[in-house]
Amino acid sequence: MTTKTITASAAGVFELGDLPVNRIGFGTMRLTQSGAAFGNGVPSDRGRAIGVLRRAVELGVNHIDTAAFYFSALRSANELINSALAPYPDDLVIVTKVGFGRDPSGEWLWARPEQLRGQVEENLRQLGRDHLDVVNLRIPQNMASSSIAGHFGALADLRDAGMIRHLGISNVTPAHLAEAQAIAPVVCVQNAYGIGARPEDHEFLRSCGEQGIAFVPFFAIAGTGREAGASVAESEEVLAVARAHGVTAAQVRLAWTLQRGPHVLAIPGTGNPDHLAENVAAGALRLSAEEMTRLGSVQRSGR
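Residues numbered from 1 in each chain as written. Predicted model: local features only at pLDDT ≥ 70, side-chain atom pairs only at ≥ 80, totals over all residues. Heavy atoms only, no water.

### Overview of the pattern of salt bridges
So, point 1. One pass over the structure, following the stated rule, counts 14 salt bridges.
So, point 2. The partner of Arg55 in a salt bridge is Glu58, and the shortest N-O contact between them spans 3.1 Å. Residue Arg55 and its partner Glu58 are both found in helix H1 (residues 46-58); the two are separated by three residues, about one turn of the helix.
So, point 3. Residue Arg55 is classed as partly exposed on the basis of its relative accessible area of 34%.
So, point 4. The residue Asp160 makes a salt bridge to Arg159 at a minimum N-O spacing of 3.5 Å.
So, point 5. Here Arg159 falls in the partly exposed class, since its relative accessible area comes to 25%.
So, point 6. When salt bridges that share partners are traced, they join Arg198, Glu200 and Asp201 into one network. (Salt bridge = Lys/Arg side-chain N within 4 Å of Asp/Glu carboxyl O. Helix = DSSP H or I, 4+ residues; strand = E, 2+ residues; numbered from the N terminus. Buried < 20%, exposed > 50% of the residue type's maximum accessible area, 1.4 Å probe, protein only.)

Printed below as a string of structure tokens:
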């Protein structure tokens, strides 16, 4: 499968609210350092990182996922985006997240509702924007059964004030989505998802589609490796499909995820320009119904 002329448009288009984006986007979590995203890796080469961002846009990527807490000792994802892409293309949609975050020392924190404005302003300042296209309320794992009404309501107020155009939620449950929708429209749900996902995750994805909400998986390639990346031996089912198409296992994982529904987006991240081209090209890979079923039977423990 050639990657030389395939652009992000090959994956098709879906709208985040009223903002159309190609379904293959780019995540910046891995852009600031080597190794695990929030470990003690070597800071990335700044010129290379800026080059990857510019190449992503050249390849038709118009949906970039970021956060102010994506930083290493010397690099900030938001600063890299600003340096690489400002003045921004008219069709570029930048999605960021607040709520769960890190202080300057790298320690994790959960902001109070009244602190969300400061986090939004931090993203605005770093990105050089006067408003944010989409802001996701990112929920920590220990909030899985807690109300998000106070936090989401605070973001809805900032949207009404013109600081934010659209709202989303991340790392959430269907109950969170229902609670948020009762306050303000939700344009996207960003959750961990991919081959080996649980039945309830498949159901949540389907439900989002029925409501016209974009479902944006993270860790679609990394799987249970999560922030550390795809470090576990690949399953034979994925490798067999990859061999049949002459592609990589990562491309198969992305293609399978995208084919779960027209409302499913992908935000694979990398600091490697070759991997970037492969990820974008995965949007043109079409798996058969038999292959989709075969890959859907892969268990989480097989990753």
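Let's pick the thread back up.
### Notes on the pairing of strand E7 (residues 132-138)
So, point 1. Counting buried positions over the seven residues of E7 gives seven, a clear majority of the element.
So, point 2. Note: strand E5 (residues 93-102) against E7, five bridges, orientation parallel. Counted as the bridge partner of Lys97 is Asn136 from E7.
So, point 3. Viewed along the sheet, the connection from E7 through helix H4 (residues 149-160) into strand E8 (residues 164-170) turns out right-handed. (Pairing = 2+ DSSP bridges. Right-handed = clockwise from strand over helix to strand, strands pointing away.)

### Points about helix H2 (residues 77-85)
So, point 1. The complete set of buried residues in H2 reads Ala77, Asn78, Leu80, Ile81, Ala84 and Leu85. One face of H2 carries all of its buried residues, which in axial projection span an arc of 160°.
So, point 2. Of the surrounding elements, those touching the buried residues of H2 are H1, strand E4 (63-65), E5 and helix H3 (116-127). (Arc of directions from axis to C-beta. Contact = heavy atoms within 4.5 Å.)

### Thoughts on the nonpolar core
So, point 1. The biggest cluster of nonpolar side chains holds 76 residues, and the ones touching the most others in it are Val120, Leu155, Ile169 and Val189.
So, point 2. Among the elements that make up this core, the one with the highest residue count is helix H8 (residues 249-258) (six residues).
So, point 3. Leaving out residues up to four positions away in the same chain, Leu155 has contacts with Val98, Leu116, Val120, Val135, Leu137, Ile164 and Leu167.
So, point 4. Core analysis: the next-biggest nonpolar cluster, separate from the first, contains 13 residues, Phe14, Cys188, Val216 and Ile267 among them. (Core = buried A, V, L, I, M, F, W, Y, C linked by side-chain atoms within 4.5 Å.)

### Examining the pairing of strand E9 (residues 186-190)
So, point 1. Here E9 lies mainly inside the structure; five of its five residues are buried.
So, point 2. Pairing of E8 with E9 involves four bridges; the strand directions are parallel. By the bridge assignment, Ser170 is partnered in E9 with Gln190.
So, point 3. Each parallel crossover has a hand, and for E8 linked through helix H5 (residues 174-181) to E9 it is right-handed.
So, point 4. Examined bridge by bridge, E9 and strand E10 (residues 214-215) share two bridges and lie parallel to one another. Along E10, the bridge assignment pairs Val189 with Phe215.
So, point 5. One crossover worth recording links E9 to the parallel E10 by way of helix H6 (residues 199-210), and it is right-handed.

### Points about the packing of H2 against H3
So, point 1. Two numbers describe how H2 lies on H3: the axes approach to 8 Å, and their chain directions differ by 35°. Contacts between H2 and H3 pair Asn78, Glu79, Ile81 and Asn82 from the former with Asn123, Gln126 and Leu127 from the latter.
So, point 2. When grouped by side-chain class, the residues that make up the contact of H2 with H3 number two nonpolar, four polar and one charged. (Axes fitted to C-alpha atoms, helices over the stretch in contact; angles between N-to-C directions. Nonpolar A, V, L, I, M, F, W, Y, C, P; charged D, E, K, R; others polar.)

### A word on H5
So, point 1. Taken together, the buried positions of H5 are His176, Leu177 and Ala180. Take H5 and look down its axis: the buried residues cluster within an arc of 100°, on one side only.
So, point 2. The secondary structure elements touched by the buried residues of H5 are H4, E8, E9 and H6.

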